Amino acid sequence: MASTEEQLPGISWAELQTVLLSLADTPVKQTMVHHLVGGTRKQAAFLSPEATFREILHIGAALLDSGFQPQESDMTSSAASCLSSPSPQ
């Protein structure tokens, strides 16, 4: 077993969400955090720890990207397109 000096500190999903919310500089990004953390939490059971951490880093990178300024209409149209897309056969 690795020593604590070699391990990342433990953090709950709620604590992670709080940290990511502090990086979200718009209400739309804050809404995204709730959805993305929830989705990542659900998928974590099927991912390796490294893949889960990679997903978390991607969320953080998107939040910190000053060029990424989604609008609420982007989220609404995206959700609608997911619902209206035909399912793969």
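Let me sum up the structure you'll find in this document. (Residues numbered from 1 in each chain as written. Predicted model: local features only at pLDDT ≥ 70, side-chain atom pairs only at ≥ 80, totals over all residues. Heavy atoms only, no water.)

### Examining the overall build of the chain
Stage number 1. Broken down by element type, the chain carries 4 helices and 0 strands.
Stage number 2. When its helices and strands are written in sequence order, the chain yields α-α-α-α.
Stage number 3. Sorting the 89 residues of the chain into buried and exposed places 21% on the buried side.
Stage number 4. When contacts within the chain are restricted to residue pairs at least 6 apart in sequence, long-range pairs at least 24 apart make up 63% of them.
Stage number 5. Only carbon and sulfur atoms are counted for the fraction: they give 59% of the accessible area of the chain, which is about 6700 Å². (Helix = DSSP H or I, 4+ residues; strand = E, 2+ residues; numbered from the N terminus. Buried < 20%, exposed > 50% of the residue type's maximum accessible area, 1.4 Å probe, protein only. Contact = heavy atoms within 4.5 Å. Areas by Shrake-Rupley, 256 points an atom, 1.4 Å probe, with all protein chains shown as cover.)

### Details of the packing of helix α2 (residues 27-43) against helix α3 (residues 49-64)
Stage number 1. The N-to-C vectors of α2 and α3 enclose an angle of 175°; their axes lie 11 Å apart at closest approach. What the angle tells us is that α2 and α3 run roughly antiparallel. Residue-level contacts link Lys29, Val33, Leu36, Val37 and Thr40 of α2 to Thr52, Glu55, Ile56, Ile59, Ala62 and Leu63 of α3. (Axes fitted to C-alpha atoms, helices over the stretch in contact; angles between N-to-C directions. Parallel < 35°, antiparallel > 145°, perpendicular 65-115°, else oblique.)

### As for a nonpolar patch on the surface
Stage number 1. A cluster of nonpolar side chains, Leu8, Phe53 and Leu57, forms an exposed patch at the surface whose accessible area comes to about 310 Å².
Stage number 2. Tracing the chain through its elements places leucine 8 in the segment before α1 (13-23). (Patch = residues over 30% accessible without salt bridge, like charges linked within 9 Å, V, L, I, M, F, W, Y side chains within 5 Å. Salt bridge = Lys/Arg side-chain N within 4 Å of Asp/Glu carboxyl O.)

### Quick notes on the environment of glutamine 43
Stage number 1. With respect to the helices, strands and loops of the structure, glutamine 43 is situated in helix α2.
Stage number 2. By relative accessible area, which is 43% here, glutamine 43 ends up partly exposed.
Stage number 3. For glutamine 43 and glutamate 55, which are 12 residues apart along the polypeptide, the C-alpha to C-alpha distance reads 9.9 Å.

### Comments concerning the environment of threonine 40
Stage number 1. Following the sequence through the fold, threonine 40 ends up in helix α2.
Stage number 2. Take threonine 40: its relative accessible area is 9%, and that puts it in the buried class.
Stage number 3. Along the primary structure threonine 40 and tryptophan 13 are separated by 27 residues, whereas in three dimensions their C-alpha atoms are 9.5 Å apart.
Stage number 4. Dropping the residues within four chain positions of it, threonine 40 is found in contact with Trp13, Thr52, Glu55, Ile56 and Ile59.

### With respect to the pattern of salt bridges
Stage number 1. For the structure shown, the criterion picks out 1 salt bridge.
Stage number 2. In this structure, the salt-bridge partner of lysine 29 is aspartate 25, at a minimum N-O distance of 3.5 Å.
Stage number 3. The class of aspartate 25 is exposed, set by a relative accessible area of 53%.

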